[in-house]
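Tertiary structure, described
Now for the letters of each chain:
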There are 2 protein chains.
Amino acid sequence: MRRSEIRGHLLDTALRLFNLHGYHATGIDLIIAEAGVAKTTLYRHFETKEDLILAALERRDEEARAEMRTYVEQRTSDPVERLMATFDFLEACVRDSQFRGCIFMSAAGEHKEAADPVFRAALMHKRLVLAYFEELAHAARIAEPKRIADAINLLHEGAVAVAQVTRSAEPVRQSRRMAVTLFDREVRAPLVSSAQRADAQAARP
Amino acid sequence: MRRSEIRGHLLDTALRLFNLHGYHATGIDLIIAEAGVAKTTLYRHFETKEDLILAALERRDEEARAEMRTYVEQRTSDPVERLMATFDFLEACVRDSQFRGCIFMSAAGEHKEAADPVFRAALMHKRLVLAYFEELAHAARIAEPKRIADAINLLHEGAVAVAQVTRSAEPVRQSRRMAVTLFDREVRAPLVSSAQRADAQAARP
DNA sequence: ACGTAAATATACCGATCTGTATCGTTTAGC
DNA sequence: GCTAAACGATACAGATCGGTATATTTACGT
């Protein structure tokens, strides 16, 4: 492994283990063993474990939001359908065999003090995701974009929480349907894709 | 302190600390110090820390569901309004200064293996709460009680998750409004209380 | 009131935790 | 190719972890 890749490899390894076992339960020794790296090397890149956690969360924050953006934008150009596509992206995340809940919620759950840097990093991620929902709602020319973004955010969080304990993707599908029911009278265009509308027509002709 | 109270006192102390700091971050030494009890005493009542966690979760499960039942049943006898009263109960929980998120979600978040007894205890609590929602939906003579119970459950979980990071009760109020919007055409009676309807009439006569 | 079971305090165990120190080896940039 | 920085391996420090052992005192049931 090239030296320039070590830092990123450490972050990826740490993120995988944090996702699998949580933050307190994942020791430095396990991280370096899984990464195949000496302990000295880890502490040359990150001063403390907390710094490693913060760097990992920052990396994952940017990565996750970029993935969602890419998924949503290449799925449809219709601004309203893009709002709904966030649920499809979420469903894909939840269906991943490695899904163990939202790592930012876990981070906040293990670092509950509002002043804890880890908690603040988790909060910041949530704010940025919410801002993206607002951006989508604004583009969709919805009357109250902030309220709709809050609602989508709440449905997302509920779906992830229920999916985390039930180990099922069905809560995400249900939250999507709830979003459709909630918003289908508030926006200018239908909230189901043309393909789905065709399916529905074919099902009951 | 009487001997018969020690076990319960240990469970209460442990629950308080688990809620404040999480499970891994709360050591045995802190629990016994806060409880004012010798370590030997704790280990006479609970074989391991995991046993203590499981006993604490079981106690809190019964306590929390009994509190919700009591709150809901004494607030209104109308079965439909009782569904909505679960949100009011939730709002009271979230407004508590000690609120740090759902301790069962935290437990599942720190014990992610599906076979972990702690994870299973958290899952069991969620199933029982969902069953109560179904019970309420059934009493309200709703067409699809299970689907509505799932929806309420999802809104609850979303509200708690968002409230946990934003440190606000507003997400709970929003989830309640979303529930009203979702169900007001599905049930036989209005979903706002007569007092709220009077307020609305007074506001715009 | 007495005897037993459970409480206490304290010391201790081995394991594990985060983090450092040492030192020999490898790599990257000039 | 030289040099300086980074890496690997290992040992270790000091704290804390969950859990035990022991010896003494306290409280409860009969």
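Let me begin by describing the structure that accompanies this report. (Residues numbered from 1 in each chain as written. Chains lettered and ligands numbered in written order. Predicted model: local features only at pLDDT ≥ 70, side-chain atom pairs only at ≥ 80, totals over all residues. Heavy atoms only, no water.)

**Let's talk about the protein's contact with DNA strand C**
To keep it simple, the criterion reads: Nearness is judged by heavy atoms alone; a residue qualifies as near a molecule or strand once a single heavy atom is within 4 Å of it. Throughout this description, a polar contact denotes any pair of N or O atoms lying within 3.5 Å of each other; where both atoms belong to protein, one of them has to be capable of donating a hydrogen while the other can accept it, and for residues adjacent in sequence the pair is counted only when both atoms sit in side chains.
Not every one of the 19 residues close to DNA strand C is listed here, only the nearest: Ile28(A), Lys39(A), Lys49(A), Thr40(B) and Thr41(B). Near the protein, within 4 Å, the atoms of DNA strand C are sugar or phosphate in 57% of cases. Here Thr40(A) contributes a side-chain N or O atom positioned 3.3 Å from a base nitrogen of DNA strand C. Interatomic distance of 2.7 Å between a backbone N/O atom of Lys49(A) and a phosphate oxygen of DNA strand C.

**Re the protein's contact with DNA strand D**
Note the cut-off: Numbering of helices and strands runs from the N terminus, with a helix taken as a DSSP run of H or I at least four residues long and a strand as a DSSP run of E at least two residues long. Put simply, Ala, Val, Leu, Ile, Met, Phe, Trp, Tyr, Cys and Pro go in the nonpolar bin, Asp, Glu, Lys and Arg in the charged bin, and everything else, Gly too, in the polar bin.
Near DNA strand D you find 20 residues, and of these Thr40(A), Thr41(A), Ile28(B), Lys39(B) and Lys49(B) are the closest. Within 4 Å of the protein, the atoms of DNA strand D are drawn from sugar and phosphate moieties in a proportion of 62%. Interatomic distance of 3.3 Å between a backbone N/O atom of Ala38(A) and a phosphate oxygen of DNA strand D. Interatomic distance of 2.6 Å between a side-chain N/O atom of Thr40(A) and a base nitrogen of DNA strand D. If you list the elements that add at least two residues to the surface near DNA strand D, you get helix H1 (3–21) and helix H3 (39–45) of chain A together with helix H2 (28–35) and helix H3 (39–45) of chain B. If you tally residues by element for the surface near DNA strand D, the top one is H3(A), at 4 residues. Classifying every residue of the surface near DNA strand D by side-chain character gives 5 nonpolar, 8 polar and 7 charged.

**Overview of the relation of the copies chain A and chain B**
Filter applied, for reference: Each copy is superposed on the other by least squares, with the fit set by C-alpha atoms of residues at a pLDDT of at least 70 in both. Throughout, a residue-residue contact means that at least one pair of heavy atoms, one from each residue, lies within 4.5 Å.
Between chain A and chain B, the superposition needs a rotation of 180 degrees and an axial shift of 0.0 Å, giving an RMSD of 0.0 Å. This pairing of chains is accounted for by a two-fold axis. Within chain A, the C-alpha atom positioned nearest to the axis of rotation is that of Gly158(A), 1.7 Å from it. Taken as a fraction of all interface residues of chain A, those also at the interface in chain B reach 100%, which identifies the copy contact as same-surface.

**Looking at the interface of chain A and chain B**
Keep this limit in mind: Throughout, buried area stands for the accessible area (probe radius 1.4 Å) lost by two parts on being put together, summed over both.
Taken residue by residue, the interface counts 40 residues in chain A and 40 residues in chain B. In this assembly, chain A packs against chain B so that about 3200 Å² is buried in total across both faces, 67% of it on carbon and sulfur atoms. Counting the surface chain A buries against chain B, the share from its top three residues, Lys112(A), Leu154(A) and Val165(A), is 24%. At the surface where chain A touches chain B, the tally comes to 8 residue pairs in polar contact (both at pLDDT 80 or more).

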